[in-house]
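# Fold and geometry: a report
Below, each chain spelled out in residue letters.
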Amino acid sequence: YGRARLFEQAHKTCGVVYMDTDSIICLDNSFSFEIGKNLGQWEHVAELKNLHIAGKKLYCGFDINRGEWLAAHKGVSGLDVCIDDIKRAALGEEILVKKSAPNIKINGAQRFIHRTIKLT
């Protein structure tokens, strides 16, 4: 039901630039979503400017009300990736992200895993 509702709401508005399982990013405030705190209602989280979208769950934008950058970066830690990395990926660059903490196997062996973020 949740996905069907998301799809329905996205079609009621123009200017949708990003959509995920729990969020919609629109170009302007012309959305027709029911905003509120009750079940089935939407929450207006932020007004973003300077939006950069590199892929699924990989985007950032400047929240004009809070005066800070908001970012989504699933698969990499916020300790290892910065806003500039996401911006560069959104512009087509491939960014090697070196994890700051190792993965530790049950036998104690440690290994640092690297990820590449890129425009998808």
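Preceding block: the structure.
Fair warning: this is a prediction, and the values are worked out from it, not measured in the lab.

Across its full length, the chain carries two helices and nine strands. Element order for the chain, N to C, with α for helix and β for strand: α-β-β-β-β-β-α-β-β-β-β. Over its C-alpha trace the chain gives a radius of gyration of 17 Å, far above what one expects of a compact globule, namely 14 Å for 120 residues. In terms of principal-axis extent, the alpha carbons of the chain reach across some 50 × 30 × 25 Å. A sequence separation of at least 24 residues applies to 29% of the contacts in the chain between residues at least 6 apart. As presented, the chain carries roughly 8,300 Å² of accessible surface, and 52% of it is formed by carbon and sulfur atoms. Taken as two groups, the 17 positive and 14 negative side-chain charges of the chain have centres that lie 9 Å from each other.

The subject of this paragraph is the pairing of strand β6 (residues 95-98). Both faces of the sheet carry side chains from a regular strand, because those side chains alternate between them. Here β6 shows a clear split, with I95 and V97 buried on one side and none of L96 and K98 buried on the other. As paired strands, β6 and strand β9 (residues 114-117) are joined by four bridges and run antiparallel to one another. Paired with L96 across the bridge in β9 is T116.

Moving on, we get to the side chain of D20. Along the chain, the position of D20 falls in strand β1 (residues 16-20). Within the local environment of D20, its side chain forms a polar contact with the side chain of K57, the two groups lying 3.1 Å apart.

Here we take up a nonpolar patch on the surface. A cluster of nonpolar side chains, namely V17, L27, L48 and L51, defines an oily patch on the protein surface of about 320 Å² accessible area. Within the element layout of this structure, L48 appears in strand β3 (residues 48-55).

As a further point, take the environment of R3. Structurally, R3 can be placed in helix α1 (residues 2-11). Considering only alpha carbons, one finds R3 and K118, 115 residues apart in sequence, at a separation of 26 Å.

Take the packing of aromatic side chains next. Using the criterion set out here, one finds two aromatic pairs in the structure. With a centroid separation of 4.8 Å and an interplanar angle of 55°, the aromatic rings of Y18 and Y59 are classed as tilted. Taken as a pair, Y18 in strand β1 and Y59 in strand β4 (residues 58-63) lie far apart in primary sequence, 41 residues in all. Between F62 and W69 the ring centres are 5.7 Å apart and the planes differ by 70°, which places this aromatic pair in the edge-to-face class.

Rules of the game
- Residues numbered from 1 in each chain as written.
- Predicted model: local features only at pLDDT ≥ 70, side-chain atom pairs only at ≥ 80, totals over all residues.
- Heavy atoms only, no water.
- Helix = DSSP H or I, 4+ residues; strand = E, 2+ residues; numbered from the N terminus.
- Rg over C-alpha atoms; globule rule 2.2 N^0.38 Å.
- Contact = heavy atoms within 4.5 Å.
- Areas by Shrake-Rupley, 256 points an atom, 1.4 Å probe, with all protein chains shown as cover.
- Lys, Arg positive; Asp, Glu negative; His and termini not counted.
- Charge placed at Lys NZ, Arg CZ, Asp CG, Glu CD.
- Buried < 20%, exposed > 50% of the residue type's maximum accessible area, 1.4 Å probe, protein only.
- Pairing = 2+ DSSP bridges.
- Polar contact = N/O pair within 3.5 Å; in protein donor to acceptor, adjacent residues only side chain to side chain.
- Patch = residues over 30% accessible without salt bridge, like charges linked within 9 Å, V, L, I, M, F, W, Y side chains within 5 Å.
- Salt bridge = Lys/Arg side-chain N within 4 Å of Asp/Glu carboxyl O.
- Phe/Tyr/Trp six-rings, centres within 6.5 Å; stacked < 30°, edge-to-face > 60°.

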